[in-house]
Amino acid sequence: MRIEIATLLGQNGKLDEKKMDRLAMVLSNLKNSGKQILLVSSGAIALGTAKIGFKPDLKNFTDMQAAAAAGQAELIRVYQNHFGTYNQIVAQVLLTNDIINIPGRMEHAKNTFDTLLSMNIIPVINENDVVSTSDIELDDNYPLALNVATIVEADMILIKYDDNGKFLIVHRGEQSSLLVNNENELLHELENSYNKQVLKEYKNKSFPSSMKEIIQ
Amino acid sequence: MLRRKRLINAKRIVIKVGTSTLSYPNGRLNFRLIEQLAQVLSTLSQQGRDLLLVSSGAIGVGSGRLGLYEKPAGLSTKQALAAIGQAELIKIYQKFFDDCEQIVAQVLLTKDVITDPQKYQNTKNTLEKLLSLNIIPIINENDTVSTFEIEFGDNDSLSAMVSILADADLLIMLTDTDGLYSADPKINPDAEIISTVDNITPSLEKLATGTGTSFGTGGMITKIAAAKICSAKNIDTVIINGDDPAIIFSVLEGKNIGTHFVSGSEHVKNH
């Protein structure tokens, strides 16, 4: 499950508590239905900027990293509060994109994810912006979601498409992904996919490599 | 005494706090202590000092969140508990620092920050920026992905690395004893706190017997090793009892508390 915090911001640029609550409810519910959920969420810089009241220069790496460090603390707190309503424990995992290349580290992350999932916990994942040297929380956090999906051998990536309850379901090996209009359709589709053993069929295929590919 | 007096002028200070200080012997968090720590650090920040907090405790907090109160076994369990606990810990810190109107940030480091020059510079710049905004960075190892316990080993050495990274004047380590003793106080009633250490000699290192509490990993050995690293970089280190965070004020008034490892530096750095 991948979201960009922009879909959770109200018109005033502040976090929309209702939308956050709804997301936490839907994900906790999916988890309760027996799915294993990992949430990839951006938003640290947006929240950090609001919190520290300074406008980071978007071209200045250090500004962005400082905002991210303040904002990530806030972001994980907000998620904890909302998931807490549904008695759902979350964990924070910060990754750098080079995780795929560092021997041992990917395996450690996989073991951690597996253990968290076995404990019924939803990991909330973001880029470790403070130490990362590239790709600092750009508009698109799909590459991070893709890395996570690869590490945990996920069956699908869900993308929160907009703030009206639309979700994009991305399967392995599919060029065109499925857009569902609301939570009911989402649940229905997840059940169907599961029953039809579509997942098995796609097991050895890979996910689309970019958002561009998905939107096409 | 002059050497103690120079601590009054310490501008940039790294405070290191361990699991054994943050929690009760039963593994549960000591909220009151965390509240006091937040108040002390926020006050020091108000004085115009730059503060960085190196805090462990994520695994202990994660265990508590799940109602487990024994030392966890197995690397992946520890890493999972750290992921749960770090989220919880930073939430609690934010709560108490918010009460003091002090903004904090979370910085999770892996060892490649030290070895990769670009990551080193990025992290250094970020810390510098946070301090310039009067934000207190709360730093821990990124346990979830690091090849755990192999990278920094313990948060004592992490705190030394952070002190160097931030070009600090002083590292204050909070622990569960009053400082470095001349002998084991449990055995020898004449044991006294060594107030000042000018040179970390092999015989001094011998004084430090490794201790292990239920959740912590550090003992005096790793603290002396950290002091040694700092000393080589002209950073003073003070080891004090963390039971009462307010004694940090006394240390910064130049009072004779805990053990002061004196570096060669005569001057306060220019920040």
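Bear in mind that the values here come from a model prediction, so they are computed numbers and not experimental data.

A. Region of interest: the nonpolar core. Residues and elements named next belong to chain B. The biggest cluster of nonpolar side chains holds 61 residues, and the ones touching the most others in it are Ile15, Leu41, Leu53, Tyr93, Phe97, Ile172 and Ile248. Excluding residues that lie within four positions of it along the chain, Phe97 makes contacts with Ala38, Leu41, Ser42, Leu53, Gln102, Val104, Ile136 and Ile138. Formed by 42 residues, the second largest nonpolar core is a distinct cluster that contains Val113, Ile139, Ala160 and Ile235.

B. Layout of the interface of chain B and chain A. Contacts between the two partners involve 45 residues from chain B and, on the opposite side, 43 residues from chain A. Interface area for chain B against chain A, summed over the two sides, is near 3,500 Å², with a carbon-plus-sulfur share of 60%. Where chain B packs against chain A, one counts three salt bridges. Arg77 of chain A is paired through a salt bridge with Asp98 of chain B; the nearest N and O atoms lie 3.2 Å apart. There are 16 residue pairs in polar contact (both at pLDDT 80 or more) connecting chain B and chain A. Where the side of chain B that touches chain A is concerned, the elements lending two or more residues are α5 (75-99), β3 (104-109), α6 (112-115) and α7 (117-132) of chain B. At 16 residues, the largest contribution of residues to the side of chain B that touches chain A is made by α5 of chain B. Partitioning the side of chain B that touches chain A into residue classes produces 20 nonpolar, 16 polar and nine charged.

C. Broad picture of unusual backbone geometry. All names here are of chain A. Of note in the backbone geometry, Asn87 takes a positive phi value of approximately 60° without being a glycine. Relative to the helices and strands, Asn87 is located in the loop between α3 (61-85) and β3 (90-95). Phi angles above zero are rare outside glycine, and Asn120 is one such case at about 65°. On the secondary structure map, Asn120 appears in the loop between α4 (105-118) and β4 (122-127). What makes Asn120 partly exposed here is its relative accessible area of 48%.

D. Summary view of the environment of Val262 of chain B. Residue and element names in this part refer to chain B. Among the secondary structure elements, Val262 is positioned in the segment after β8 (259-261). Between the C-alpha atom of Val262 and that of Ile135, which follows or precedes it by 127 residues, the distance is 28 Å. Those residues within four positions of Val262 in sequence are excluded, and the remaining contacts are Arg3, Arg6, Thr196, Val197, Asp198, Ser231 and Asp236.

E. How the structure looks around a negative patch on the surface. Negative charge collects at one region of the surface, where Asp176, Asp178, Asp243 and Asp244 of chain B lie side by side. Judged by its relative accessible area of 39%, Asp176 of chain B falls in the partly exposed class.

F. Region of the structure containing the packing of aromatic side chains. Scanning the model with the defined rule gives two aromatic pairs over all chains in all. With a centroid separation of 6.2 Å and 40° between ring planes, the pair formed by Tyr79 of chain A and Phe83 of chain A is classed as tilted. Of the two residues, Tyr79 of chain A and Phe83 of chain A are both situated in helix α3; the distance of four residues between them amounts to about one turn of the helix. On the basis of relative accessible area, Phe83 of chain A is assigned to the buried category, the value being 0%. The interplanar angle of 40° and the centroid separation of 6.2 Å between the aromatic rings of Tyr93 of chain B and Phe97 of chain B together place this pair among those described as tilted. Placement of the pair is Tyr93 of chain B and Phe97 of chain B together in helix α5, with a separation of four residues, close to one helical turn. According to the relative accessible area criterion, Tyr93 of chain B is buried, its value standing at 1%.

G. Structural view of the confidence of the model for chain A. Residues of chain A with pLDDT of at least 70 account for 82%, and the chain-wide mean is 81. The least confident element of chain A is strand β1 (residues 2-3) of chain A, whose mean pLDDT is 55; the most confident is β3 of chain A, at 94.

H. Fine view of the pattern of salt bridges. Under the defined criterion, the tally for this structure stands at 20 salt bridges over all chains. One salt bridge in this structure joins Asp63 of chain A and Lys129 of chain B, with 3.0 Å as the shortest N-O distance. Taken as a pair, Asp63 of chain A in helix α3 and Lys129 of chain B in helix α7 lie in two separate chains rather than in one. The class for Lys129 of chain B is partly exposed, based on a relative accessible area of 22%. Linking Asp156 of chain B and Lys16 of chain B is a salt bridge whose minimum nitrogen-to-oxygen distance equals 2.9 Å. Remark: Lys16 of chain B occurs in strand β1 (residues 12-17) and Asp156 of chain B occurs in helix α8 (residues 155-165); sequence separation between them is 140 residues.

Cut-offs and rules
- Residues numbered from 1 in each chain as written.
- Chains lettered and ligands numbered in written order.
- Predicted model: local features only at pLDDT ≥ 70, side-chain atom pairs only at ≥ 80, totals over all residues.
- Heavy atoms only, no water.
- Core = buried A, V, L, I, M, F, W, Y, C linked by side-chain atoms within 4.5 Å.
- Buried < 20%, exposed > 50% of the residue type's maximum accessible area, 1.4 Å probe, protein only.
- Contact = heavy atoms within 4.5 Å.
- Buried area = accessible area lost by both parts, 1.4 Å probe.
- Salt bridge = Lys/Arg side-chain N within 4 Å of Asp/Glu carboxyl O.
- Polar contact = N/O pair within 3.5 Å; in protein donor to acceptor, adjacent residues only side chain to side chain.
- Helix = DSSP H or I, 4+ residues; strand = E, 2+ residues; numbered from the N terminus.
- Nonpolar A, V, L, I, M, F, W, Y, C, P; charged D, E, K, R; others polar.
- Patch = residues over 30% accessible without salt bridge, like charges linked within 9 Å, V, L, I, M, F, W, Y side chains within 5 Å.
- Areas by Shrake-Rupley, 256 points an atom, 1.4 Å probe, with all protein chains shown as cover.
- Lys, Arg positive; Asp, Glu negative; His and termini not counted.
- Charge placed at Lys NZ, Arg CZ, Asp CG, Glu CD.
- Phe/Tyr/Trp six-rings, centres within 6.5 Å; stacked < 30°, edge-to-face > 60°.
- pLDDT = per-residue confidence, 0-100.

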